[in-house]
Amino acid sequence: MGFGLDRDTDEKTLTWYLQKFSDDSHMAVMCRRMSDEDLADLFDHLGRLLKTYLTEEEYHRIFLKDRE
């Protein structure tokens, strides 16, 4: 990983990091160990990022992958 080198590398590193973080087997371990407060904080933070950077249409189309 090489975060902090330049914007392009940072974006690729963050994408890789989040993909690894969200792996089902990893999250099964993390969720069991995280406090209720940490779970709520992470959920709220991710929700704020979605609301800040995606329109409602993008949220449904890109994040939820809704198909109409």
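Shown above is the structure to which this text applies.
Cut-offs used in this document
Residues numbered from 1 in each chain as written. Predicted model: local features only at pLDDT ≥ 70, side-chain atom pairs only at ≥ 80, totals over all residues. Heavy atoms only, no water. Helix = DSSP H or I, 4+ residues; strand = E, 2+ residues; numbered from the N terminus. Rg over C-alpha atoms; globule rule 2.2 N^0.38 Å. Buried < 20%, exposed > 50% of the residue type's maximum accessible area, 1.4 Å probe, protein only. Areas by Shrake-Rupley, 256 points an atom, 1.4 Å probe, with all protein chains shown as cover. Salt bridge = Lys/Arg side-chain N within 4 Å of Asp/Glu carboxyl O. Patch = residues over 30% accessible without salt bridge, like charges linked within 9 Å, V, L, I, M, F, W, Y side chains within 5 Å. 1 Å grid on protein atoms, 1.4 Å probe; cavity = no way out; pocket = protein on both sides within 12 Å on 5 of 7 lines; lining within 4 Å. Points joined across faces, edges and corners; volume = space filled by probe spheres on them. Nonpolar A, V, L, I, M, F, W, Y, C, P; charged D, E, K, R; others polar.

(A) Spotlight on the overall build of the chain. Along its length, the chain carries four helices and zero strands. Counted from the first residue to the last, the chain has its helices and strands arranged as α-α-α-α. Its C-alpha radius of gyration of 14 Å places the chain more than 25% over the 11 Å reference for a compact globule of 68 residues. Looking at the chain residue by residue over its 68 residues, the buried ones come to 7%. When the accessible surface of the chain is totalled, it reaches about 6400 Å², and 56% of it is carbon and sulfur.

(B) Spotlight on unusual backbone geometry. Phi is positive for K65, which is not a glycine, with a value near 55 degrees. Relative to the helices and strands, K65 is located in the segment after helix 4 (56-63).

(C) Broad picture of the pattern of salt bridges. According to the stated counting rule, one finds three salt bridges in the structure shown. In this structure, R7 and E11 form a salt bridge, with 2.7 Å as the shortest nitrogen-oxygen distance. Here E11 and R7 lie together in helix 1 (residues 7-21), a separation of four residues that amounts to about one turn. Across the pair K12 and D8 runs a salt bridge whose closest N-O atoms are separated by 3.0 Å. Separated by four residues within a single helix, K12 and D8 lie in helix 1, roughly one turn from each other.

(D) Inspection of a nonpolar patch on the surface at higher detail. A surface patch of nonpolar side chains, about 560 Å² in accessible area, is lined by F3, L14, W16, Y17 and L18. Tracing the backbone shows W16 in helix 1.

(E) The environment of L14, seen in detail. Inspection of the secondary structure assignment puts L14 in helix 1. It is 20 Å that separates the C-alpha atoms of L14 and E58, two residues lying 44 residues apart in sequence.

(F) Highlighting the layout of surface pockets. Size it by volume and the largest pocket reaches roughly 1000 Å³. Lining the largest pocket we find 22 residues, and of these L18, L46, L49, L50 and F63 sit closest to its centre. For the lining of the largest pocket, the elements supplying multiple residues, two or more each, are helix 1, helix 3 (36-53) and helix 4. Among the elements that make up the lining of the largest pocket, the one with the highest residue count is helix 3 (nine residues). Here the residues of the lining of the largest pocket are counted per class, giving 15 nonpolar, five polar and two charged.

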